[in-house]
Amino acid sequence: MSRFLKLTNILINTNSIHYIEKNTSSYTIIISQYKTLGFMIVGSGVFDAKCIELDFCQKNNTNDYNIITEYINTLK
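Residues numbered from 1 in each chain as written. Predicted model: local features only at pLDDT ≥ 70, side-chain atom pairs only at ≥ 80, totals over all residues. Heavy atoms only, no water.

The next thing to look at is the environment of T69. Structurally, the position occupied by T69 is in helix α1 (residues 62-75). Linking T69 and Y27, residues 42 residues apart in sequence, is a C-alpha distance of 8.9 Å. (Helix = DSSP H or I, 4+ residues; strand = E, 2+ residues; numbered from the N terminus.)

So this is what it looks like as structure tokens:
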């Protein structure tokens, strides 16, 4: 299985996908980006998280919708 999900205009690292929400005719992919600032010493430091939502509609993004459907089917 590939580590990346190649869509029309974006390449997604599958390790950064937090979850995929399936609606009636669309998918919403939530991507989490975590980073640490400074250095870590015994649990101290600054931790920052940012979430990005990507929406793919079956009507408007048919190719991407089908790619995501295939990706989900390979996970089962």
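This is not the end of the story, as more comes after the structure.
Bringing the side chain of S32 into the picture now. Its place among the elements puts S32 in strand β4 (residues 26-41). When its relative accessible area of 8% is taken as the criterion, S32 is described as buried. Those residues in contact with S32, other than ones at most four positions away along the chain, are S16, H18, K50 and C51. (Buried < 20%, exposed > 50% of the residue type's maximum accessible area, 1.4 Å probe, protein only. Contact = heavy atoms within 4.5 Å.)

Once that is clear, we can look at the environment of T24. The topology assignment puts T24 in the loop between β3 (17-22) and β4. With 34 residues separating them along the chain, T24 and Q58 place their C-alpha atoms 9.3 Å apart.

With 14 residues, α1 ought to run about 20 Å at 1.5 Å a step, and its terminal C-alpha atoms sit 20 Å apart, in line with that. Within α1, the full set of buried residues consists of D64, Y65, I68 and Y71. Axial view of α1: buried residues confined to an arc of 125°, hence all on one face. Every exposed residue of α1 that faces more than 90 degrees away from the buried side is listed here: N63 and E70. (Expected span 1.5 Å × (residues − 1). Arc of directions from axis to C-beta.)

Looking at the protein, pLDDT values average 85 and 78% of them are 70 or higher. Taken element by element, the protein is modelled with least confidence in β4, mean pLDDT 75, and with most confidence in α1, mean pLDDT 95. (pLDDT = per-residue confidence, 0-100.)

Looking now at the side chain of T28. Among the secondary structure elements, T28 is positioned in strand β4. Among the polar contacts made by the side chain of T28, one reaches the side chain of D55 at a distance of 2.8 Å. Leaving out residues up to four positions away in the same chain, T28 has contacts with Y19, I20, E21, N23, E53, L54 and D55. (Polar contact = N/O pair within 3.5 Å; in protein donor to acceptor, adjacent residues only side chain to side chain.)

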